[in-house]
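Listed here are the chains, written in short residue letters.
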Amino acid sequence: MISAGPTARRRAALRALLPAVDGGAGVDALLVSDLVNIRYLTGFTGSNAALLVHADGDAASRFCTDGRYRTQAAAQVPDLETVIDRASALALAAQVFAPGVRRLGFESDAVTVDAHDALAAAAEGVALHRAPGLVQRLRAVKDAGEVEALRRACAVGDAALADLLAAGGLRAGRTEREVAHDLEERMRAHGADGPAFATILAAGAHSAVPHHRPTDTELRRGDLVKLDFGALVEGYHSDMTRTVVLGPAAGWQRELHALVAQAQAAGRAALAPGAETRAVDAAARGVVERAGRGEEFVHGLGHGVGLQIHEAPALGKTATDVLAAGMVVTVEPGVYEAGRGGVRIEDTLVVHDDGPELLTHTARELLEV
Ligand code: ZN
Ligand code: ZN
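These numbers were taken from a predicted model, which means no experiment stands behind them. Once a new chain begins, its residue numbering starts again from 1 and follows that chain's sequence as written. Both sets of labels track the order of writing: A upward for chains, 1 upward for ligands. pLDDT decides what is reported in this predicted model: residues at 70 or higher carry local features, side-chain atom pairs at 80 or more are listed and counted, and totals for whole chains, interfaces and linings draw on all residues regardless. Working from all heavy atoms in the structure, the side-chain values ignore hydrogens and water.

### Side note on the coordination of the zinc ion (ligand 1)
- Sodium, potassium and calcium take a 3.2 Å donor cutoff, other metals 2.8 Å, and in both cases only N, O and S atoms count; water is not among them, so sites may look incomplete. Each protein donor to the zinc ion (ligand 1) is listed here as D228 (OD), D228 (OD), D239 (OD) and E346 (OE); together their distances run 2.0 to 2.6 Å.
- Mapped onto the sequence, the donors of the zinc ion (ligand 1) take the spacing D-x10-D-x106-E.
- Distance-wise, the zinc ion (ligand 2) is placed 3.1 Å from the zinc ion (ligand 1), both being coordinated by D239. Linking D228 in strand β9 (residues 224-229) with D239 in the loop between β11 (236-237) and β12 (240-245), this pair joins segments that are 11 residues apart in sequence.
- Since its relative accessible area comes to 3%, D239 is described here as buried. Each helix corresponds to a stretch of at least 4 residues labelled H or I by DSSP, and each strand to a stretch of at least 2 residues labelled E; elements are numbered beginning at the N terminus. With a 1.4 Å probe rolled over the protein chains alone, any residue whose accessible area is under 20% of its type maximum counts as buried; one over 50% counts as exposed, and the rest are partly exposed.

Encoded structure:
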């Protein structure tokens, strides 16, 4: 028998949440369909799987995938009894006919209406109960191994940007697309499995578009250039934004950058266990609003990051999450002057009792390249 590793501990933590499902009525088991949640709970990285987490423990729980993954499942999920069946969720739903299972929770935020109906048919006589977001809630607080993976991913991003700058890769005449590909190649060279998301490389007026996709537009002297990028390492994502100027900065560029930097510092300083994420957003947003530019800060302050680039908790005006030690979040205010240029500064941080820890280390001062 394998001793309890991180995935067994996570399944135990999930089990502790089952009595609260359905307004406290509880469920006998939870059927997990979301592949990212399955990876978190088992380590399995394939493209088809389902997991039945039984309240009685791992011995009563089941993992299911199809024949393509028989070998992979044996290696990645050695500690759960595995069922091989192409219709993974349905096969496991049938397992709930085990004695004592009358109430089955399912991820109502991951299951389609059609899949729900099929489940209801397969688990005839068993009551299905909505149980959205349970695993996401656990995933929001990272364990030591996850923080280490995120630290490595962020270090790759820092190193790739340093390389790009040292090599003169950010210069007038190159296109947004060329620079974005260059940066992604450098992340791979530093050990990334790939970019964490499609790199945002936005020059000149494009920098005022928060999620601009790189084009064949050439970088020009005097441009603000916004780079929002990250590395994928061991399934974990890094996320960082820096906005630089090609050549000496104009007064308005310097002012814009200083304002966003001040807002970003206020947001970072507000990160603490127990803080409402809405209040963290307000700490940064207030700086921009007092400068009369609140209308130009058009998105939330940040988001959790981990096995997905965007995950719980959300940091925004209408967010309802509360921070806890071990959460890893971004702080990324931006001010965008349409048609002219915008600045965003983004870091990834771990929330700790004694203050937040930066995982992204590239300097935050305005860089004139
Ligand atoms: Zn980003
Ligand atoms: Zn982000």
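### Some remarks on the side chain of D79
- Tracing the backbone through its elements, the reader meets D79 in the loop between α3 (70-76) and β4 (81-84).
- The definition of a polar contact used here is a pair of N or O atoms within 3.5 Å, where within protein one atom must be able to donate a hydrogen and the other to accept one, and adjacent residues in sequence count solely through side-chain atom pairs. A polar contact of 3.0 Å, which involves the side chain of D79, links it to the side chain of R11.
- Here a residue-residue contact requires only that any non-hydrogen atoms of the pair lie within 4.5 Å. With residues near it in sequence (within four places) discarded, D79 still touches T7 and R11.

### Description of the packing of aromatic side chains
- Between the rings of Phe, Tyr and Trp (Trp by its six-membered ring), a pair exists once the centres lie within 6.5 Å; its type follows the angle of the planes, with under 30 degrees stacked, over 60 edge-to-face, and the other angles tilted. Throughout the structure, instances matching the rule amount to 2 aromatic pairs.
- Look at F44 and Y69: their rings are 5.4 Å apart centre to centre, the planes differ by 90°, and that puts the pair in the edge-to-face class. Note that F44 is positioned in the loop between α2 (35-42) and β2 (49-54) and Y69 in the loop between β3 (62-65) and α3, a separation of 25 residues in sequence. Judged on exposure class, the residue F44 and its partner Y69 are both buried.
- Taken together, the ring pairs connect F44, F63 and Y69 into an aromatic cluster.

### Points about the coordination of the zinc ion (ligand 2)
- At 2.1 to 2.2 Å from the zinc ion (ligand 2) lie its protein donor atoms, namely D239 (OD), H303 (NE2), E332 (OE) and E346 (OE).
- The rule is simple: four donors are tetrahedral if all their angles sit between 85 and 135 degrees, four are square planar and six octahedral if opposite donors span more than 155 degrees and the others lie between 65 and 115, and anything that fits none of that is irregular. Every donor counted, the 4 donor atoms about the zinc ion (ligand 2) form angles of 77 to 151° at the centre, which fits irregular coordination.
- All donor residues of the zinc ion (ligand 2) come from one chain, and their arrangement in sequence is D-x63-H-x28-E-x13-E.

### Structural notes on the environment of R344
- In this fold, R344 is placed in strand β17 (residues 341-344).
- Separated by 70 residues in sequence, R344 and G274 place their C-alpha atoms 26 Å apart.
- In terms of polar contacts, R344 uses its side chain to reach the backbone carbonyl oxygen of P210, at 3.2 Å.
- A polar atom in the side chain of R344 sits 2.8 Å from the side chain of D228.

### Quick look at the sheet that holds strand β10 (residues 231-233)
- Here the rule is simple: two strands pair whenever DSSP picks up at least two bridges between them. Strands sit in the order β7-β10-β11 across an open sheet of 3 strands; the sheet is antiparallel. The sheet is open, and its two edges are formed by β7 (194-195) and β11, each paired on a single side.
- In terms of strand pairing, β10 meets β11 through 2 bridges, oriented antiparallel. Of the residues in β11, the one forming a bridge with V233 is Y236.
- Helix α7 (residues 144-166) contacts β10 and β11 of the sheet and is inclined by roughly 145° relative to β10. To get an axis, a line is fitted to the C-alpha atoms, and for a helix only the part in contact is used. The angle between two axes follows their N-to-C directions and goes from 0 to 180 degrees.

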